[in-house]
Structure formats: structure tokens, C-alpha cells
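Tertiary structure, described
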Amino acid sequence: MNDTKNAGGMMVTAALWLVLLVSAATNSIGQFAGLDWTFRMIAGAVSVVCIVLLIVRYIARRRA
């Protein structure tokens, strides 16, 4: 079953992209905004997890 034609699958992908953008922005702008190092590292980890999940979803769609 092709996940991109499923409305729920598209919503998950869009949500992952949105979380990726917000967490990457938090990570990169956090130093100038005065965020603690811990929060910036958490935001970076969330970014990495989103990237991995997006790659896994892409590979799964190509194989389907």
C-alpha cells in the first residue's frame, strides 16, 4: 500500500517535517536566544530522530 496516497500518511510526514523545522530552528537560534545547552541538545536530538524517521518512511514508500 502506498503511504503517500493515504491522507493519514501524508499528515504524519507533514508533521515530521514541521517538527524537524521547529527543532532545527530551536537548536540553531537557541544560543542567541539564551537557551540552556541541555535544551539545545534535546532539540538537536529531536531533529536527528525526525530525519531518521523521514528517511525510513521514504524507503518504505519506495519498496511498497
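Everything numeric here is computed off the predicted structure, so don't read it as measured data.

Let us now look at helix 2 (residues 37-63). For helix 2, which comprises 27 residues, the first-to-last C-alpha distance of 39 Å matches the rise-based estimate of 39 Å (1.5 Å per residue) to within 8%. The set of residues buried in helix 2 consists of Arg40, Ala43, Gly44, Ser47, Cys50, Leu54 and Arg57.

Glancing now at the side chain of Thr13. Relative to the helices and strands, Thr13 is located in helix 1 (residues 7-33). Sequence-distant contacts of Thr13, defined by excluding residues within four places in its chain, comprise Leu54, Arg57 and Arg61.

What follows is about the environment of Leu53. By the element assignment, Leu53 lies in helix 2. With relative accessibility at 40%, the residue Leu53 sits in the partly exposed group. A C-alpha to C-alpha distance of 7.9 Å links Leu53 and Leu16, two positions 37 residues apart in sequence.

Reading the values: the criteria
- Each chain has its residues counted from 1, running along the sequence as written.
- Local features in a predicted model are, by the rule used here, given only for residues with pLDDT of at least 70; side-chain atom pairs are given and counted only at 80 or more, and totals for whole chains, interfaces and linings are based on all residues.
- To get the side-chain values, take all heavy atoms of the structure and skip hydrogens and water.
- The secondary structure listing takes helices from DSSP runs of H or I that are at least 4 residues long and strands from runs of E that are at least 2 residues long, numbered from the N terminus.
- Here the expected length of a helix is defined as 1.5 Å per residue gap, with one fewer gap than residues.
- The classification of residues rests on relative accessible area computed with a 1.4 Å probe and restricted to protein chains. Under 20% of the type maximum is buried, over 50% is exposed, and intermediate values are partly exposed.
- Any two residues whose heavy atoms approach within 4.5 Å at even a single point are treated as in contact.

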